[in-house]
Amino acid sequence: MNHAKLPHYHGEGRETVLIREQLSHVDDFQTVADVFKQLGDTTRIRIFWLLCHCEECVLNISAMLNMSSPAVSHHLRPLKNSGLIVCRREGKEVYYRAADTEQSRLLHQMIEEVMEIACLNNKLTEYPSEQIETIRNIHEYLMQNIGQRITIDALSKRYLINPTTLKEVFKSVYGTSIAAHIKERRMELAANLLSETDLSIAEIGQRVGYESQSRFASAFKAYFQTLPKEYRKNHRFSK
């Protein structure tokens, strides 16, 4: 492929020609972007990392991550579609593990190396144990009141902790922001209630903090890529 001269000529050599040639292969970069997109979620990375170390069924993965089975299945699907994990059936049970591919091995290595660097950085900015304990108490309070809208300011006043410190330490302990963490837990609870109870969709929405059924349906679809009604139809009393 012929390329026009660069605006600023600095004595382009063979290396520059090769770089420009590779940049023209947009599909190659799209493939890389698609793979990283699948890992653009804390929970999904945790599941992938887990399956790099062992082969497990959905129930065991759920127990290890303290998540519902529907929520785990939600994350397993795109990982499998992208070729990062594979599965096998033994009787009625399905077991998942990381794919034995160079792509999966490289991603696993990258995750562990980044985690190691992050761990070293965290040690340099370690929070006092009192703050960690406060954050865990806040987390427990939020889980007990999952259906309520609780602001950062309200938590700050209740637990006598600076709002900025609260957000920073929470993210350090739980790996994500308060808002993202609460939304994930709400969606997991909603999925359980849809598949295991006869509560109406409106009631379930209220239980997980949505006064409007339409707003709940919109949030649920954004998370699970399906409406609550369809999710219930496909997962009714499933185990």
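Residues numbered from 1 in each chain as written. Predicted model: local features only at pLDDT ≥ 70, side-chain atom pairs only at ≥ 80, totals over all residues. Heavy atoms only, no water.

Things to note about helix α3 (residues 42-53)
The end-to-end C-alpha separation of α3 is 17 Å, in line with the 16 Å expected for 12 residues at 1.5 Å each. Within α3 the residues assigned to the buried category are Thr43, Arg44, Ile47, Phe48, Leu50 and Leu51. The buried residues of α3 occupy an angular sector of 160° when projected down its axis, which confines them to one face. (Helix = DSSP H or I, 4+ residues; strand = E, 2+ residues; numbered from the N terminus. Expected span 1.5 Å × (residues − 1). Buried < 20%, exposed > 50% of the residue type's maximum accessible area, 1.4 Å probe, protein only. Arc of directions from axis to C-beta.)

Some thoughts on the nonpolar core
Counting 20 residues, the largest nonpolar core has Ile47, Phe48, Ile61 and Leu76 as its most contacted members. Among the elements of the structure, α3, α4 (58-65), α5 (69-81), β3 (93-98) and α6 (102-124) are those that each provide at least two residues to this core. Residues within four places of Phe48 in sequence aside, it is in contact with Leu39, Leu79, Leu84, Ile85, Ala98, Ser104, Leu107, His108 and Ile111. Ala190, Tyr223, Phe224 and Tyr231 belong to the second largest nonpolar core, which has 16 residues in total. (Core = buried A, V, L, I, M, F, W, Y, C linked by side-chain atoms within 4.5 Å. Contact = heavy atoms within 4.5 Å.)

Observations regarding the pairing of strand β2 (residues 85-90)
In this sheet, β3 lies alongside β2 in antiparallel orientation, the contact comprising six bridges. Along β3, the bridge assignment pairs Arg89 with Val94. Hairpin geometry of β2 and β3 is characterised by an intervening segment of two residues between the two adjacent antiparallel strands and by a positive phi of about 70° at Gly91. (Pairing = 2+ DSSP bridges.)

As for the packing of aromatic side chains
Taken as a whole, this structure holds eight aromatic pairs when the rule is applied. Between Phe220 and Phe224, the aromatic rings sit 4.7 Å apart at their centres with planes inclined by 35°, giving tilted as the arrangement. With a gap of four residues between them, Phe220 and Phe224 both fall in helix α12 (residues 213-224), about one helical turn apart. Phe224 sits in the buried class, given a relative accessible area of 5%. What links up through ring pairs into an aromatic cluster is the set Tyr210, Phe216, Phe220, Tyr223, Phe224 and Tyr231. (Phe/Tyr/Trp six-rings, centres within 6.5 Å; stacked < 30°, edge-to-face > 60°.)

Let's talk about the sheet that holds strand β1 (residues 56-57)
Backbone-to-backbone hydrogen bonds join strands into a sheet, with any given pair of strands oriented parallel or antiparallel. Ordered by their spatial adjacency, three strands build an open sheet running β1-β3-β2, and the pairing between neighbours is antiparallel. Of all strands in the sheet, those bounded by a partner on one side alone are β1 and β2. Running over the sheet, α3 touches β1, β2 and β3 and is turned about 95° from β3. (Axes fitted to C-alpha atoms, helices over the stretch in contact; angles between N-to-C directions.)

Digging into the pattern of salt bridges
A complete count under the given rule lists seven salt bridges for this structure. Between Arg88 and Glu90 there is a salt bridge, with the nearest N and O atoms lying 2.8 Å from each other. The exposure class of Arg88 is partly exposed, given its relative accessible area of 36%. Looking at Glu90, the relative accessible area reads 48%, which means it is partly exposed. A salt bridge links Glu102 to Arg105; its shortest N-O distance comes to 3.2 Å. (Salt bridge = Lys/Arg side-chain N within 4 Å of Asp/Glu carboxyl O.)

Focus: unusual backbone geometry
Even without a glycine there, the phi angle at Leu160 is positive, about 55°. Position of Leu160 among the secondary structure elements: in the loop between α8 (152-159) and α9 (163-174). A residue is classified by how much of its surface remains accessible, and Leu160, at 78% relative accessible area, is exposed. With a phi close to 60°, Gln225 is a non-glycine residue in the positive phi region. Considering the arrangement of structural elements, one finds Gln225 in the loop between α12 and α13 (228-235). We classify Gln225 as exposed; its relative accessible area is 57%.

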